[in-house]
Amino acid sequence: MSLRSTIQSTLDLGFSLLCLGPLTVLFWRGTFNAITDIAFRDLPTFSSRWYPALILYLIGTTMKILVDLTKHSLRSILINKGPCLQSFCSMILVYLDAFFGVVMWVGGFNLLYVFPGLHWYGLTGVLLVASSILMVIKAFNSTGSVPLGISTDEFENVYNPHNYFGTKFENSCSYKVILDTIFSYTVVHTLVICCWWGMWELENRYILFPCEITVKDIQAWDSVIISYFLVFVVVAINNSVKEMREEDGQFSKTAAATFTAFLAFLAALNFWRGIWSLMDFYFFPSMSLWNNLLLSHVVGFLGTYVAGSSLTLTQSSEKDSNTPDFLSFQYWSKYGACGKKNQYEDLDQHSETTPLVNEV
């Protein structure tokens, strides 16, 4: 790796850890807590929350599916339109995608609070079963999130939403895209929610100190420290895992990829848990609850939108790549130093063993 690439990658990681990651968590914190307060304010026990939780989950899931299908449909219409119209439509769609993604997670979390509940064996069982199914269907990498994965707001990114089988209206029947999108959210993404809920609550109640403003703020740093350590471990081993060959053995290759994916999952979850808790302490703590949550929601969305990465606020699920890459935080490195991609950069890497035209 050249010095320039190293510097750009370092800037990417720093920008994700210190800017885009916290802004993403800030939006989710404000939105998640506001929806929770509205839906469950008069329902103090988990057992009484099952009906509004189910409604939230169904509304969130349905709207996520409809927003993704709308993106697929609008791509061919907007592709030749002006940048102002494209940007406006993208902002609306991304906001709806992000908002209803939070609605889906609030409903999913609270359904799991009802059953199986918060006993350690229930939490562990949900985590193990959901993780195992995701690994079997090769979708466990979807449990990753910021700071190791960000998404920029280019047209192709916004209007090519991820789904499990990778179907598109351009090359698949409409019903296949619809069924694929439904499967991606009702099965794959729901399993991702189960994984996050299981590990989040295990850490909250049995592994680490509670971090939701119930203890001294110094203890809220435990997840942040764990996250930063795991992030640098994943960064250090990513290339080695990605470059493993069949000669190394299929079992070794699969085991290494699974282990790294689990580390990436733990890094993301602890980043969210730690930053979320620190915001409870330090994000305008003297402000009234609803003003605080509204400001969190607005600043989180506008901050990521201005940075051109509001798509990071959304959550989607897809099948794991055959060549796993656990780092997807390219921001500055997408372009050259002057903000323009070097069109000859790829040609510099070709040699006699890497022809310009590869056979399909």
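Residues numbered from 1 in each chain as written. Predicted model: local features only at pLDDT ≥ 70, side-chain atom pairs only at ≥ 80, totals over all residues. Heavy atoms only, no water.

This part takes up the overall build of the chain. Along the backbone of the chain there are nine helices and zero strands. Taken from the N to the C terminus, the helices and strands of the chain come in the order α-α-α-α-α-α-α-α-α. Across the 360 residues that make up the chain, the buried fraction comes to 47%. Surface summary for the chain: the accessible area is close to 18500 Å², and the carbon and sulfur share equals 66%. (Helix = DSSP H or I, 4+ residues; strand = E, 2+ residues; numbered from the N terminus. Buried < 20%, exposed > 50% of the residue type's maximum accessible area, 1.4 Å probe, protein only. Areas by Shrake-Rupley, 256 points an atom, 1.4 Å probe, with all protein chains shown as cover.)

Here the focus is the nonpolar core. Core analysis: the largest hydrophobic core is formed by 80 residues, its most contacted members being Trp-196, Phe-265 and Trp-272. Those elements giving two or more residues to this core turn out to be α1 (3–40), α2 (50–78), α3 (83–114), α4 (120–136), α6 (174–207), α7 (221–242) and α8 (250–282). Setting aside residues no more than four positions away along its own chain, Trp-196 makes contact with Trp-105, Phe-109, Thr-143, Ser-145, Phe-265, Ala-268, Leu-269 and Trp-272. (Core = buried A, V, L, I, M, F, W, Y, C linked by side-chain atoms within 4.5 Å. Contact = heavy atoms within 4.5 Å.)

Here the focus is a nonpolar patch on the surface. The grouping of Trp-50, Tyr-51, Leu-54, Ile-55, Leu-58, Ile-59, Val-114 and Phe-115 at the surface amounts to a nonpolar patch, some 760 Å² of accessible area in total. Per-element accounting of the nonpolar patch gives the leading share, six residues, to α2. Here Leu-58 is to be found in helix α2. (Patch = residues over 30% accessible without salt bridge, like charges linked within 9 Å, V, L, I, M, F, W, Y side chains within 5 Å. Salt bridge = Lys/Arg side-chain N within 4 Å of Asp/Glu carboxyl O.)

What follows is about the side chain of Lys-71. Counting through the fold element by element, Lys-71 comes out in helix α2. For Lys-71, the residues in contact, after removing those within four places along its chain, are Leu-93, Asp-97, Val-158, Tyr-159, Pro-161 and Leu-311.

One way to put it is that α6 packs onto α8 with a least axis distance of 11 Å and a crossing angle of 60°. One element, α6, and the other, α8, form an angle in the oblique class. Here α6 runs over α8; the crossing is right-handed. Mapping the contact onto sequence places Cys-195, Trp-196, Met-199, Trp-200, Glu-203 and Asn-204 in α6 and Phe-262, Phe-265, Leu-266, Ala-268, Leu-269, Asn-270, Trp-272, Arg-273 and Trp-276 in α8. For the contact of α6 with α8, the residue count by class is eleven nonpolar, two polar and two charged. (Axes fitted to C-alpha atoms, helices over the stretch in contact; angles between N-to-C directions. Parallel < 35°, antiparallel > 145°, perpendicular 65-115°, else oblique. Left-handed = near helix turned anticlockwise from the far one by under 90°. Nonpolar A, V, L, I, M, F, W, Y, C, P; charged D, E, K, R; others polar.)

A word on the pattern of salt bridges. Where charged atoms from two side chains of opposite charge approach closely, those side chains can pair. Tallied over the full model, the rule gives ten salt bridges. Of the charged contacts in the structure, one is a salt bridge between Asp-222 and Arg-273, with a shortest N-O distance of 3.8 Å. In this pair, Asp-222 sits in helix α7 while Arg-273 sits in helix α8, placing the two residues 51 residues apart along the sequence. One exposure class covers both Asp-222 and Arg-273, and it is buried. The structure contains a network of salt bridges with shared partners spanning Lys-64, Lys-71 and Asp-97.

In contact at an axis separation of 10 Å, α2 and α6 are set at 140° when each is read in the N-to-C sense. Considering the angle they form, α2 stands oblique to α6. α6 is crossed by α2, and the crossing has right-handed handedness. Of α6, the residues touching α2 (which contributes Tyr-57, Thr-61, Lys-64, Ile-65, Asp-68, Leu-69 and His-72) are Val-177, Ile-178, Thr-181, Ile-182, Tyr-185, Thr-186 and Thr-190. Split into classes, the residues belonging to the contact of α2 with α6 amount to seven nonpolar, five polar and two charged.

Let us now look at α7. Side chains that are three or four residues apart share a direction in an α-helix, a result of its 3.6 residues per turn. Over its 22 residues, α7 extends 31 Å from the first C-alpha to the last, a length consistent with the 32 Å expected when each residue adds 1.5 Å. Taking the largest bend as the criterion, α7 deviates by roughly 35°, centred on Ala-236. Inspection of α7 places Asp-222, Ser-223, Val-224, Ser-227, Leu-230, Val-231, Val-234, Asn-238 and Val-241 among the buried residues, and these make up the whole buried set. Tucked into the core, α7 has its buried residues touching α1, α6 and α8. (Expected span 1.5 Å × (residues − 1). Bend = angle between axes of the 7 residues up to and from the residue.)

For the rest of this paragraph, the subject is the packing of aromatic side chains. Throughout the structure, instances matching the rule amount to 31 aromatic pairs. Ring plane angle 75° and centroid distance 5.6 Å describe the contact between Trp-50 and Tyr-51, whose orientation is recorded as edge-to-face. Note on Trp-50: relative accessible area 46%, which makes it partly exposed. Considering the side-chain rings of Phe-140 and Phe-265, the 5.9 Å spacing of their centres and the 75° angle between planes classify their relative orientation as edge-to-face. Taken together, the residues span a long stretch of sequence, with Phe-140 in the loop between α4 and α5 (155–158) and Phe-265 in helix α8 at a distance of 125 residues. Assessed through its relative accessible area of 0%, Phe-265 is described here as buried. (Phe/Tyr/Trp six-rings, centres within 6.5 Å; stacked < 30°, edge-to-face > 60°.)

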